[in-house]
Amino acid sequence: VTLFFSDVVGFTSICDAIEPWEVIDMLNQLYSVMDYLAMRFNLYKVETIGDAYMCCSGLPIPDDMHAENIANFALAVSECVRHVKSPADGKPIRLRIGIHTGHCMAGVVGTLT
């Protein structure tokens with residue numbers, strides 16, 4: 001299994017400088033691009049929390065190309081994110097991206113669904 005994680009560089013500072021609806025619009029633009037690319041690379045979107053995006057390859061269906069799928073996704077995201085501008089200064093947002101390959105364990109914790 002290979003996991004992809006990302007977050008927006010300077011997200012807190014951006015949020016301090018703009019209106020809440022502008023934050024939502026910026027994240028919607030970013031996640032719409034990432035969701036489209038995730039579908040193209042046959043990835044499973046795990047979660048978004050604020051500016052953090054997490055997806056994986058190799059789950060829930062095993063895929064021998066899991067590392068390549070995530071690496072290609074990360075490269076595509078790095079290119080496409082340039083088109084998403086920060087409402088704070090009009091410059092393209094930047095992402096921190098992390099990738100991990102290996103065994104994983106998942107489960108549901110808590111009682112609320």
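Along each chain, residue indices are assigned from 1 in the same order as the chain's sequence is written. Where totals are concerned, whole chains, interfaces and linings use all residues; where local detail is concerned, this predicted model gives features only for residues with pLDDT of at least 70, and gives and counts side-chain atom pairs only at 80 or more. As a convention, hydrogens and water are excluded, and side-chain values are obtained from all of the structure's heavy atoms.

1. Examining the packing of aromatic side chains
- Stacked, edge-to-face and tilted labels apply to pairs of Phe, Tyr and Trp rings (six-membered ring for Trp) whose centres lie within 6.5 Å, assigned for plane angles under 30 degrees, over 60, and everything in between, in that order. In total, this model carries five aromatic pairs according to the counting rule given.
- An aromatic cluster of at least three residues, connected via ring pairs, comprises Phe 4, Tyr 31, Phe 41, Tyr 53 and Phe 73.

2. Topic: the environment of Ala 74
- The helix and strand labels rest on DSSP assignments: H or I over at least four residues marks a helix, E over at least two residues marks a strand, and numbering proceeds from the N terminus. Counting through the fold element by element, Ala 74 comes out in helix α3 (residues 66-80).
- On the basis of relative accessible area, Ala 74 is assigned to the buried category, the value being 8%.
- Each C-alpha atom of the pair Ala 74 and Phe 4 lies 7.7 Å from the other, and the pair is 70 residues apart in sequence.
- We call two residues contacting when some pair of their heavy atoms lies within 4.5 Å. Not counting chain neighbours up to four residues away, the residues in contact with Ala 74 comprise Phe 4, Ile 97 and Ile 99. Think of it in three bands: residues with accessible area under 20% of the maximum for their type are buried, residues over 50% are exposed, and the middle band is partly exposed, with areas taken using a 1.4 Å probe on protein chains only.

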